[in-house]
Amino acid sequence: MFESITDKISNIFRNLRGLGKLSEENIGEALREIRLALLSADVNFSIVNNFIQRVKEQCLGQTVLQNITPEQQFVKIIFDEMCVLLGNDKITELSSKKPLKILMVGLHGSGKTTSTVKLAHFLKNKNQYAKPLAVACDVHRPAAINQLEILCQQTNIDCYAERDSKNVTAIALAGLSHGEKNNHDLILFDTAGRLQIDEYLIDEIKDIALKVHPDEVFLVADGALGQEAANVAKDFHRAVPLTGIILTKLDGDSRAGAALSMKEVTGVPIRYMGTGERMEAFEIFHPSRIAQRILGMGDVLSLVEKAQEQVNEKEAKEFEKKLKKGKFDFNDFLQQLQSIQKMGSMESLIKHLPGTHHLNIGPEANDKLKQSEAIIHSMTAKERAKPEIIDGSRRLRIAKGCGLPIQSVNELLKNFKQMQTMMKKMKNPQSNLKSLLGM
Ligand code: GDP
Ligand code: MG
């Protein structure tokens with residue numbers, strides 16, 4: 001999602017290696033580069049300037065720490081400041097009122113209707129709410145009601161719509177009392193959008209807000225909006241005080257500018273993010289995770305570099321061939337496990353893989369590697385080459401052979417299968433990063 005800015009920033013960090021001590025001179029170039037990277041990611045100009053200023057002050061004011069290189073220190077400062085920019089990790093909980101009323105607002109095509117249903121689905125799956133209701137308040141396009149109804153049907157969410165009325169506020173109120181009468185504990189109002197903010201739209205939303213008294217007002221914004229995002233957020237916030245932002249389409253080639261500007265400009269936290277068209281592609285927005293992604297701490301390239309030092313060329317070539325063909329068996333897996341162990345601890349290695357920062361890998365990961373190796377060693381050559389033949393009785397035999405519980409064998413087989421699927425996807429470089437990110 002943040003590929004372009006991530007690439008740039010990880011290059012900057014690479015150039016910083018071997019720095020003596022942080023000083024005005026040696027960080028100057030890196031700061032200039034970071035400034036450019038942020039600007040080209042469409043982050044608002046004044047936000048970038050403040051950001052750079054803060055980083056600079058932090059760098060020069062730092063006492064030199066033991067056991068940490070100046071380069072690491074620099075990265076940490078950038079990371080911390082980026083977390084601040086994104087809103088820190090204080091997750092804002094939904095108000096505990098029942099029924100909870102959420103008003104969804106935003107420009108046309110930003111993903112309001114989709115996000116309304118995604119959010120209902122998400123909160124229901126999390127068991128936070130048992131009986132959500134979506135109210136169709138976009139009456140300007142007849143297709144809008146159908147769209148909401150279809151998405152609701154797909155996810156088993158109740159929907160309230162009136163096809164003959166154009167009185168949006170009356171519909172919202174009727175939806176509200178329908179929801180209260182039928183014991184809905186969560187009521188979401190999907191409203192209409194415009195291409196641009198106009199008075200008519202603002203009046204409509206203001207009127208709904210005045211009558212239904214929403215507990216939360218979420219601005220749904222397209223993550224690809226760039227600098228424009230900050231203005232849109234400001235205008236909506238002025239009309240109806242927002243309580244949260246939902247950033248959508250972060251699966252696309254968005255340049256992250258929106259994510260970095262909106263919180264700073266409005267002070268309103270980014271609460272959720274949409275990462276795909278599927279109804280499940282919806283997550284809580286975690287600033288530190290996003291900052292890690294933006295900073296390229298999940299740096300596939302340096303992992304590859306490191307791997308190249310260890311695995312000899314020939315092995316690497318053969319492995320690459322297999323990857324390209326989507327053929328990957330337990331022999332390859334074993335080889336990879338052994339190279340990983342040659343390369344150093346799992347902990348340091350895993351840091352290079354994107355999307356794994358939340359995994360919290362400790363020393364037990366190395367034990368896991370050893371276990372996996374033992375399990376593979378107790379497979380026959382045929383089983384290693386054709387994992388699909390490993391049935392129940394073979395699993396039992398393998399478990400006995402390596403002295404591990406059958407659950408461990410099952411787990412390894414399951415992980416292996418997932419890995420195979422992932423490897424197949426890697427044939428397509430475009431989906432490579434995304435699949436690694438679990439998107
Ligand atoms: P609305 O006009 O604000 O109600 O926007 P819609 O909910 O109709 O969404 C507009 C388009 O964006 C639809 O085609 C959605 O499928 C798509 N969309 C919404 N959210 C996401 C997302 O997170 N990722 C992707 N790829 N597409 C999305
Ligand atoms: Mg809509």
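A short tour of the structure in this document, coming up. (Residues numbered from 1 in each chain as written. Chains lettered and ligands numbered in written order. Predicted model: local features only at pLDDT ≥ 70, side-chain atom pairs only at ≥ 80, totals over all residues. Heavy atoms only, no water.)

1. Quick look at the sheet that holds strand β6 (residues 244-248)
Pairing in this open sheet of eight strands is mixed, and the strands run β3-β2-β4-β1-β5-β6-β7-β8 from one edge to the other. Strand pairing shows two members of the sheet lacking a second neighbour, β3 (158-160) and β8 (282-284), which therefore form its edges. Here the strands of the sheet are splayed against their neighbours by 25 degrees on average, with no regard to which way each runs. Sheet topology places strand β2 (residues 132-137) next to strand β4 (residues 186-191); six bridges connect them, and they run parallel. Bridge pairing in β4 places Leu 133 opposite Ile 187. Contacting β2, β3 and β4, helix α6 (residues 142-155) runs over the sheet at an angle of about 165 degrees to β2. (Pairing = 2+ DSSP bridges. Helix = DSSP H or I, 4+ residues; strand = E, 2+ residues; numbered from the N terminus. Axes fitted to C-alpha atoms, helices over the stretch in contact; angles between N-to-C directions. Contact = heavy atoms within 4.5 Å.)

2. Comments concerning the state of the cysteines
Counted by the stated rule, this structure contains zero disulfides. In this structure Cys 137 is a free cysteine whose sulfur lies 10.0 Å from that of Cys 159, the closest cysteine sulfur available. On the basis of relative accessibility, which here comes to 0%, the residue Cys 137 falls in the buried class. (Disulfide = S-S within 2.5 Å. Buried < 20%, exposed > 50% of the residue type's maximum accessible area, 1.4 Å probe, protein only.)

3. Observations concerning the pattern of salt bridges
Going through the model one piece at a time under the given rule, you end up with 12 salt bridges. Between Asp 207 and Lys 211 there is a salt bridge, with the nearest N and O atoms lying 3.3 Å from each other. With Asp 207 and Lys 211 both in helix α8 (residues 199-212), this residue pair falls four residues apart, about one helical turn. For Lys 211, a relative accessible area of 38% gives the class partly exposed. Arg 271 is paired through a salt bridge with Glu 216; the nearest N and O atoms lie 3.2 Å apart. (Salt bridge = Lys/Arg side-chain N within 4 Å of Asp/Glu carboxyl O.)

4. Topic: the nonpolar core
If you look at the biggest cluster of nonpolar residues, it comprises 67 residues, and the most contacted ones within it are Phe 51, Phe 74, Met 82, Phe 189, Phe 236 and Met 262. Here the element with the most residues in this core is helix α4 (residues 70-86); it accounts for eight residues. Among the domains, domain 1 (3-86) and domain 2 (100-296) are the pair contributing at least three residues each to this core. Excluding its chain neighbours within four sequence positions, the residues that come into contact with Met 262 are Leu 219, Ala 221, Ala 229, Ala 230, Ala 233, Ile 245, Leu 247 and Gly 267. (Core = buried A, V, L, I, M, F, W, Y, C linked by side-chain atoms within 4.5 Å. Domains from an automatic or database assignment.)

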